[in-house]
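Now for the letters of each chain:
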Amino acid sequence: QVQLVESGGAEVQTGGSLRLSCAASGRAFTFYNMAWFRQTPGKGRDVVATINWTGENTYYADSVKGRFTISRDNAKNILYLQMNNLKPEDTALYYCAAGNSILRLGTGPHDFASWGQGTQVTVSS
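What counts, and at which threshold
Residues numbered from 1 in each chain as written. Predicted model: local features only at pLDDT ≥ 70, side-chain atom pairs only at ≥ 80, totals over all residues. Heavy atoms only, no water. Disulfide = S-S within 2.5 Å. Helix = DSSP H or I, 4+ residues; strand = E, 2+ residues; numbered from the N terminus. Buried < 20%, exposed > 50% of the residue type's maximum accessible area, 1.4 Å probe, protein only. Core = buried A, V, L, I, M, F, W, Y, C linked by side-chain atoms within 4.5 Å. Contact = heavy atoms within 4.5 Å. Pairing = 2+ DSSP bridges. Axes fitted to C-alpha atoms, helices over the stretch in contact; angles between N-to-C directions.

With that settled, consider the state of the cysteines. Overall, the coordinates contain one disulfide when judged by the stated rule. What pairs with C22 in a disulfide is C96, and their sulfur atoms sit 2.0 Å apart. Measuring the twist about the S-S bond at about 50°, one finds the C22-C96 disulfide to be right-handed. Of the two residues, C22 sits in strand β3 (residues 18-26) while C96 sits in strand β9 (residues 92-99), which places them 74 residues apart along the sequence. Note on accessibility: C22 and C96 belong to one class, buried.

Core analysis: the largest hydrophobic core is formed by 29 residues, its most contacted members being W36, L79, L81, M83 and Y94. When residues of this core are traced back to their parent elements, those giving at least two are β1 (2-7), β3, β4 (34-39), β5 (46-51), β7 (68-73), β8 (78-83), β9 and β11 (119-124). Setting aside chain neighbours within four positions, we find L79 in contact with L20, S21, C22, F29, M34, A35, W36, I51, I70, S71, R72 and C96.

Here we take up the environment of S124. Relative to the helices and strands, S124 resides in strand β11. Take S124: its relative accessible area is 22%, and that puts it in the partly exposed class. In this view, S124 contacts E11, V12, Q13 and T14; residues no more than four positions away in its chain are not counted.

Turning next to unusual backbone geometry. Despite not being glycine, N77 has its phi angle at roughly 60°, a positive value. Mapped onto the elements of the fold, N77 is located in the loop between β7 and β8. Residue N77 is classed as partly exposed on the basis of its relative accessible area of 27%. At N85, a residue that is not glycine, the phi angle is positive and equals roughly 50°. With respect to the helices and strands, the residue N85 is situated in the loop between β8 and β9. Accessibility expressed as a relative area gives 41% for N85, which makes it partly exposed.

What follows covers the sheet that holds β3. Strands sit in the order β1-β3-β8-β7 across an open sheet of four strands; the sheet is antiparallel. Across the chains shown, the open sheet's two edge strands, defined by having one partner strand only, are β1 and β7. Averaged over neighbouring strand pairs, the angle between their axes works out to 20° when direction is ignored. Here β3 pairs with β8 via six bridges, running antiparallel. By the bridge assignment, L18 is partnered in β8 with M83.

Given below as structure tokens:
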């Protein structure tokens, strides 16, 4: 399996920007569909964005469309999430995840087999 380590979380004010990174090691990162999820206390993990292994296909949750951008650098084994115009409701623990099938780009937690430890994003009003 691939090992994932997130970074870049911080506390920012409403309207601010952050870029999260997810460094991958172990098995070939190139052949994994990837995703960002987020979770708040007492709730399940919700998908934020997904990207297929080539980077050509992406998906965004309605709540982040037009504000967040998922991308990947397969040469550096890094997944990114650029977050702009942040809102207090974006406050959460953000996880990156590697898909369990290259053939399907899912959007549920069950579609992803490897997870990082999470990075906290806090948006203050």
